[in-house]
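# Secondary and tertiary structure notes
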Amino acid sequence: MKSYNKSYKVAGTIAVIGSVAALALIGINISQRDLHQDTNLAVKIDPVINTAFNNFVAKQQRSFLTKSEFNARMAIFRDNYQAIQQHNAEPGSSYKLGLNDFSDRSIEEIRGIMTFIEPIDSEQDHTSEGEVKKFQSDGLLKAPQSIDWRDQGAVTQVRNQGSCGSCFSYSAASAVEGAYKVKTGKLVEFSNQQILDCSGNGNQGCRGGYMTNSFKYLQSAKLMKYDDYPYIGKAGMCKYDASKGVVGVSSYTALPANNPAALLEAVSKQPVSIAMAATSLPFFQYKSGVLDSTACGTNLNHALLLIGYGNDATSGKDYWLVKNTWGTNWGEKGYIKIKRDNVTGPGMCGILKMSSYPTL
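Here is the UniProt Sequence similarities (unreviewed entry) comment for the protein, exactly as written: "Belongs to the peptidase C1 family."

Shown next, in the form of structure tokens:
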């Protein structure tokens, strides 16, 4: 593929016109509409935003095919930057927004990697009676006031799924990691790539899948260590090596939907796989604090790991503590606090709608 040597200066910063390959590495797919949308508006951008964008381009090591594409990215960045500044200036908000890897991407592009969708029936996600273990409550009397499974050494490092819709595989593998730590006292990072490539049961690689389908697969196969089967950012042929399998799943439990007490009780015992609605600006530009915004809606499109709950001293709000797979530059070093209440219903960003955990 032809690579351009030409470069040009914008506000004193060099912006390189690179190749399509460079765009692919950061998971950006440009449509003709994206290329031309608002391109002639870039000249109207405030110098402060202009400087911020060029700093962003340098930090993120972005490269662009054409000047039109550069301007289109700047226009998207401008809108996100202004929304961030406007929100952060609002008094009394319990959360802050900030620039991150998504700040020059359109909503349509972000939705393109959100391949998780709500199942239409229990067959699709293998939660029918006889397949899934029914949740049995022990009551909340034994649940602590707060818990963070990182403090118990039950959470591995934050990873970045990139442009592959592999969130479900990360969520499932991470839930197994937590359960394995609780059972054995050992923290081992397991291979989400194995789940991505090998799980089947309705899972479709980078096109999405379900944590319960992954747990069902692990009832007949043991999960390998991450280092033995590392993530490559795309689905491939199954390379499972049974001799390197470490742990399987004996059963799995799907929690009752819209039940905050059940979810709190479950996560007080081990990390729990969850799904959320994650394509609103407050979610993908989240920086810190307790997210309390109805903008995200409740249509599930992203899988994550619930690792605890507590109360935020600054805002006074109760929260759920969630591990994401968008790298450490997003949120609170890869984590997010979501408003928690005891109201029956989908919860903030749909957090109460779909959750499950494995038993080893």
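Let us look at the state of the cysteines. Following the criterion strictly, the structure yields 3 disulfides and no others. Each disulfide pairs two cysteine sulfurs, and for Cys296 the partner residue is Cys349, the sulfurs being separated by 2.0 Å. Between Cys296 and Cys349, the disulfide has an S-S torsion of -90 degrees and is therefore left-handed. Of this pair, Cys296 sits in the loop between β9 (286–291) and β10 (302–311) while Cys349 sits in the loop between β12 (335–339) and β13 (355–359); the two residues are 53 residues apart in sequence, bridging distant segments of the chain.

Here we take up the pattern of salt bridges. Tallied over the full model, the rule gives 13 salt bridges. For Asp148, the salt bridge is made with Arg150, and the minimal N-O distance between the two is 2.8 Å. For Asp148, a relative accessible area of 16% puts it in the buried group. Residue classification places Arg150 among the partly exposed residues on the basis of a relative accessible area of 35%. Beyond isolated ion pairs, a larger network of salt bridges with shared partners links Asp138, Glu265 and Lys269.

Looking now at the layout of surface pockets. Unfilled space is identified by rolling a water-sized probe across the atoms. Of the voids in this model, the second largest pocket is the one considered here, and its volume is about 230 Å³. Along its surface, the second largest pocket is lined by 15 residues, and Pro119, Asp125, Lys353, Met354 and Ser355 are the ones closest to its centre. Of all the elements in the fold, those that place two or more residues in the lining of the second largest pocket are α8 (211–217) and β13. Residue composition of the lining of the second largest pocket, by class: 8 nonpolar, 4 polar and 3 charged.

Here we take up the environment of Asp79. Here Asp79 is to be found in helix α4 (residues 67–88). Along the primary structure Asp79 and Ser106 are separated by 27 residues, whereas in three dimensions their C-alpha atoms are 9.8 Å apart.

For Asn201, which is not a glycine, the phi torsion comes out positive at approximately 55 degrees. Mapped onto the elements, Asn201 comes out in the loop between α7 (192–198) and α8. The backbone of Asn258 sits at a positive phi, close to 65 degrees, despite the residue not being glycine. Here Asn258 is to be found in the loop between β7 (251–254) and α9 (260–267). Relative accessible area serves as the criterion here: at 27%, Asn258 is assigned to the partly exposed category.

Here we come to the pairing of strand β11 (residues 318–323). Among the 6 residues in β11, 5 count as buried, and that is most of the element. The hairpin formed by β10 and β11 contains 6 residues between the paired strands, and Gly316 there has a positive phi angle of roughly 80 degrees. Pairing between β11 and β12: 5 bridges, direction antiparallel. Directly across from Lys323, in β12, lies its bridge partner Tyr335.

Turning next to empty space enclosed by the protein. For the coordinates displayed, the defined rule picks out 4 cavities of 30 Å³ or more. Counted as a void, the largest cavity has a volume near 70 Å³. Lining the largest cavity are 13 residues, with Arg159, Tyr170, Ser174, Glu177 and Glu189 sitting closest to its centre. Its residues placed into classes, the lining of the largest cavity shows 4 nonpolar, 5 polar and 4 charged.

Calculation criteria
- Residues numbered from 1 in each chain as written.
- Predicted model: local features only at pLDDT ≥ 70, side-chain atom pairs only at ≥ 80, totals over all residues.
- Heavy atoms only, no water.
- UniProt positions renumbered as here; feature names shortened; annotations may be inferred.
- Disulfide = S-S within 2.5 Å.
- Helix = DSSP H or I, 4+ residues; strand = E, 2+ residues; numbered from the N terminus.
- Salt bridge = Lys/Arg side-chain N within 4 Å of Asp/Glu carboxyl O.
- Buried < 20%, exposed > 50% of the residue type's maximum accessible area, 1.4 Å probe, protein only.
- 1 Å grid on protein atoms, 1.4 Å probe; cavity = no way out; pocket = protein on both sides within 12 Å on 5 of 7 lines; lining within 4 Å.
- Points joined across faces, edges and corners; volume = space filled by probe spheres on them.
- Nonpolar A, V, L, I, M, F, W, Y, C, P; charged D, E, K, R; others polar.
- Pairing = 2+ DSSP bridges.

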